[in-house]
Amino acid sequence: MTAAVLGQDTRAVGRGRPGVRSTLTPGAGLGLGIAMVWFSLLVMIPLAAIVATAGDEGWHGYVDTLTNPQTWAAIKLTVGQSLLVTGVNVVMGTMIAWVLVRDRFWGKRLLDLVIDIPFAMPTIVAGLVLLGLYGPGSPLGINVSNTRTSVTLALAFVTLPFIVRTVQPVLAELEGDVEEAAASLGARRLTILRRIVLPAIVPAIAAGAALSFARAISEYGSLVLLSGSLPFKTEAVSVRVLSFIEGGDRTSAASLATIMLGVALAVIVALDVLQRRVARRG
Amino acid sequence: MVELSTPVKWIVRLLALAYVFFLVGWPMITLAQRTFADGWSSFTVAFSDPDVTHALLVTVEISAWAVVINTLFGVGMALLLVRYEFPGKRVLSAFIDLPMSMSPVVIGLALMLVYSGRYGWFGPTLEAHGLVVIFNSPGMIMATCFVALPLVVREVVPVLEEIGDDQEQAARSLGANAVQVLRRITLPAIKWAVVYGVVLSLARSLGEFGALKIVSGNLTGQTQTAPLVVEQKYNNFAQGEAYALSFVLVLISVLCILVVSLLRPQEPRP
């Protein structure tokens, strides 16, 4: 149900289409003006402030922040764990999407519902919920709190819906006749999956992976209670930015934030490209 | 349509179910068990604490404002993006999606750098005129708006594209003015998309943590919101209260998902 949210629908509007008026009416122009004032005050000026503040101490301050060993450790941890979790999501998310679309069993709607819970749940509560099963006093006897595994776990939790929800609608819209034609021509199941189904869903998997990577790399709330944020060990980039802010070191905070902003922008651009590829296929 | 062989089908099904059960299902059950370990007593303790009830009120108030603002902005922006052409439209559309992949901490920092009363670009001037943004409701509403910005737009845009503008043009040719077209034709058509967007925005707004931790100042009994209280209670060894409050927050988010799932028509399955 978050399909439309996690899909890439808004990006399709950039294409000029017949039937779209090419000029703004005075009323629409006024509306756009008001919306843009709010959007600038809320988003554009604050983002500009980050970039400007990061440049306060020039290139030198920038390099100093990033080469600080503790910050570098946080970057390595966050990027590594995000890549790992995105890899897990590519496999598990595709599998879950397949099960939701092609399989039939009792309780499927419940599974469909549970997938969205990490998306709607407050992130701090996500950490607390995971701590219940994988923290001290775990009924499983597993305690991963304050370890790297806890970071993996938290990131896997919050990114669960992304690939499922981007692949699911594409898989559902896939016509069965191409697969049947291939089967009637003697293709084996694995060949059909590899040559027909997989190529059709790869752009959706890539889009979901990009969203899931972006979310993982920027995660904060679910890590707070679970990972302990130990320097050099379980401290994520977001936590590092926050400790810079709390320590009054705005330039360093902004430098690190600029990089995260760059990653977020890169993901949005990548999604835009993927969206057009999906649209061409459809 | 390709069918997996029976053993493979079972393996895939069980793997998917086990992954979701161990990652989401069982942890949620554990939360419920811990919350009700001593019956209702942790609820009684938590909800007789004025800090907790005040935080819940603050959360509801901030979220309500943010949802109203985001709904107005979202519907208006969706209409502009789908029905009109203007320069920079594509860049604007991309920037509206940006909060989806931005860290809440970076969002908090961005707002601080502009609106902080001590060092912000506009903050000192605004405070000289009596408008305190940071560590106060306006900043918290802005942070929440920023975080949930794309949700309504993304729900409404595909629906607007799908219905096209034939009916709107017909109404216009019959003499309806812009307001009548909007009220009689467009809004009824996008009604459910707006409702989904509102429910999702509400869930996201109620649960916001990172950005609010920075811009609210986390002042107990004043600007502290419910998710911030969860952290504080847990770290102060009042775990029963943290669990009770979390349980309420989870209940609200599950309720939001249920509402969306029941309202949204089931997609036809192949």
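Worth saying up front: this structure is predicted, and the values here are computed from it rather than measured. (Residues numbered from 1 in each chain as written. Chains lettered and ligands numbered in written order. Predicted model: local features only at pLDDT ≥ 70, side-chain atom pairs only at ≥ 80, totals over all residues.)

**Details of the overall build of chain B**
The condition that has to hold: In DSSP terms, a helix is any run of H or I states spanning at least four residues, a strand is any run of E spanning at least two, and both are numbered starting from the N terminus. Three classes are used. A residue is buried when 20 or more other C-beta atoms lie within 10 Å of its own, exposed when 12 or fewer do, and partly exposed in between, with C-beta atoms placed from the backbone. Residues are defined as contacting one another if the C-beta atoms placed from their backbone atoms lie within 7 Å.
Helix and strand counts for chain B come out as 13 helices and zero strands. The order of α-helices and β-strands along chain B, N terminus first, is α-α-α-α-α-α-α-α-α-α-α-α-α. Taken along the three principal axes of its C-alpha coordinates, chain B extends 70 × 65 × 30 Å. Scored against the burial criterion, the 270 residues of chain B give a buried share of 47%. Considering only residue pairs separated by 6 or more positions, chain B has 74% of its internal contacts joining residues 24 or more positions apart.

**Details of the overall build of chain A**
Helix and strand counts for chain A come out as twelve helices and zero strands. Overall, chain A shows an N-to-C arrangement of helices and strands of α-α-α-α-α-α-α-α-α-α-α-α. Viewed in the frame of its principal axes, chain A has a C-alpha envelope of about 65 × 65 × 30 Å. Per-residue burial over chain A gives 50% buried out of 282 residues. Considering only residue pairs separated by 6 or more positions, chain A has 80% of its internal contacts joining residues 24 or more positions apart.

**So, the interface of chain B and chain A**
Accessible area lost upon the coming together of the parts serves often as the stated size of an interface. The interface of chain B with chain A comprises 87 residues on the first partner and 89 residues on the second. With 17 residues, helix 1 (residues 6–35) of chain B is the largest single contributor of residues to the side of chain B that touches chain A.

**Quick notes on the confidence of the model for chain A**
Should the pLDDT be low somewhere, the predicted coordinates at that spot are not to be read in detail. Residues and elements named next belong to chain A. Rule in force here: Each residue carries a pLDDT value, the predictor's own confidence for that position, ranging from 0 to 100.
When the pLDDT values of chain A are averaged, the result is 84; 90% of them are 70 or greater. For chain A, per-element mean pLDDT is lowest for helix 1 (residues 3–6), which scores 44, and highest for helix 4 (residues 69–102), which scores 93. For residues 1–21, every residue scores under 50 in pLDDT, and the model assigns this stretch 61 contacts once sequence neighbours within four places are set aside.

**Concerning the nonpolar core**
What counts is decided by this rule: What makes a nonpolar core is a set of buried Ala, Val, Leu, Ile, Met, Phe, Trp, Tyr and Cys residues, with links drawn between C-beta atoms within 7 Å. The split of the chain into domains comes from an automatic or database domain assignment.
The biggest cluster of nonpolar side chains holds 164 residues, and the ones touching the most others in it are V241 of chain A together with L109 of chain B. Per-element tally for this core: the top contributor is helix 3 (residues 50–83) of chain B, with 14 residues. Residues from two domains meet in this core; each of domain 1 (25–54) and domain 2 (58–281) of chain A gives at least three. Beyond its immediate chain neighbours, meaning those up to four positions away, L109 of chain B contacts I50, V241, I245, A253, A254 and A257 of chain A together with I214 of chain B.

**Quick look at the domain arrangement of chain A**
Residues and elements named next belong to chain A. Selection rule: Side-chain classes follow a simple rule in which Ala, Val, Leu, Ile, Met, Phe, Trp, Tyr, Cys and Pro form the nonpolar group, Asp, Glu, Lys and Arg form the charged group, and the remainder, Gly included, forms the polar group.
Once the domains are mapped, chain A shows domain 1 (25–54) and domain 2 (58–281). Here domain 1 and domain 2 have C-alpha centroids that lie 29 Å from each other. When the residues that make up the side of domain 1 that touches domain 2 are grouped by side-chain class, the tally is four nonpolar, one polar and no charged.

**A look at helix 5 (residues 104–115) of chain B**
All names here are of chain B. Where we set the bar: Multiply 1.5 Å by the residue count of a helix minus one, and that product is the helix's expected span.
For helix 5, built from twelve residues, the straight-helix expectation of 16 Å at 1.5 Å per residue is met to within 8% by its first-to-last C-alpha distance of 16 Å. The buried fraction of helix 5 is high, at twelve of twelve residues. All of the buried residues in helix 5 are P104, V105, V106, I107, G108, L109, A110, L111, M112, L113, V114 and Y115.

**So, the packing of helix 2 (residues 26–54) of chain A against helix 5 of chain B**
Definition in use: To get an axis, a line is fitted to the C-alpha atoms, and for a helix only the part in contact is used. The angle between two axes follows their N-to-C directions and goes from 0 to 180 degrees. Angle categories: roughly parallel below 35 degrees, roughly antiparallel above 145, roughly perpendicular from 65 to 115, and oblique for all the rest.
Running from N to C, helix 2 of chain A and helix 5 of chain B cross one another at 85°; their axes reach a closest spacing of 8 Å. Here helix 2 of chain A is positioned roughly perpendicular relative to helix 5 of chain B, judged by the angle of their axes. Across the interface between the two elements, I45, P46, L47, A49, I50 and T53 of chain A from helix 2 of chain A touch L109, A110, L111, L113 and V114 of chain B from helix 5 of chain B.

**Observations regarding the environment of T159 of chain A**
Residues and elements named next belong to chain A. Here T159 shows up in helix 7 (residues 148–173). On the neighbour-count criterion, T159 (26 C-beta atoms within 10 Å) is buried. The spatial distance from the C-alpha of T159 to the C-alpha of V239 is 18 Å, given a sequence separation of 80 residues. Ignoring anything within four residues of it in the chain, the contact list for T159 reads V85, N89, S212, R215 and A216.

**Details of the environment of E57 of chain A**
All names here are of chain A. Looking at the secondary structure, you find E57 in the loop between helix 2 and helix 3 (58–67). In this structure E57 comes out as partly exposed when scored by C-beta crowding, with 16 C-beta atoms within 10 Å. Spatially, the C-alpha atoms of E57 and L41 are 25 Å apart, while their sequence positions differ by 16 residues.

**Concerning helix 4 (residues 89–97) of chain B**
Just so we agree on the cut-off: Arc, as used here, means the arc of the directions from the helix axis to the C-beta atoms.
For helix 4 of chain B, the full list of buried residues reads L92, S93, I96 and D97 of chain B. What you see down the axis of helix 4 of chain B is that its buried residues fit within an arc of 140°, all on one side.

**What to know about unusual backbone geometry**
Residues and elements named next belong to chain A. Of note, the phi angle at S229 is positive, near 50°, even though the residue is not glycine. Its location among the elements puts S229 in the loop between helix 10 (221–227) and helix 11 (237–246). Classification of S229 by C-beta neighbours within 10 Å gives buried; the count is 21. Residue F232 is not a glycine yet carries a positive backbone phi of 70°. By secondary structure assignment, the location of F232 is in the loop between helix 10 and helix 11.

**A word on the packing of helix 9 (residues 166–173) of chain B against helix 10 (residues 178–207) of chain B**
Each packed pair of helices is defined by two parameters, the angle between the axes and the distance between the axes. All names here are of chain B. Threshold: Note on convention: the crossing is left-handed when the near helix lies turned anticlockwise from the far helix by less than a right angle, right-handed when the turn is clockwise.
One can describe the packing of helix 9 onto helix 10 by two numbers: an axis separation of 10 Å at closest approach and a directional angle of 145°. Every pair of crossing elements has a handedness; the one defined by helix 9 and helix 10 is right-handed. Listed contacts from helix 10 to Q167, E168, A171 and R172 of helix 9 are V181, R184, I185 and T186. Each residue belonging to the contact of helix 9 with helix 10 can be placed in one class, and the counts come to three nonpolar, two polar and three charged.

**Observations regarding the confidence of the model for chain B**
Residue-level pLDDT values for chain B average 88, and 97% of them are 70 or greater. Both confidence scores are given for the complex: pTM 0.88, ipTM 0.88.

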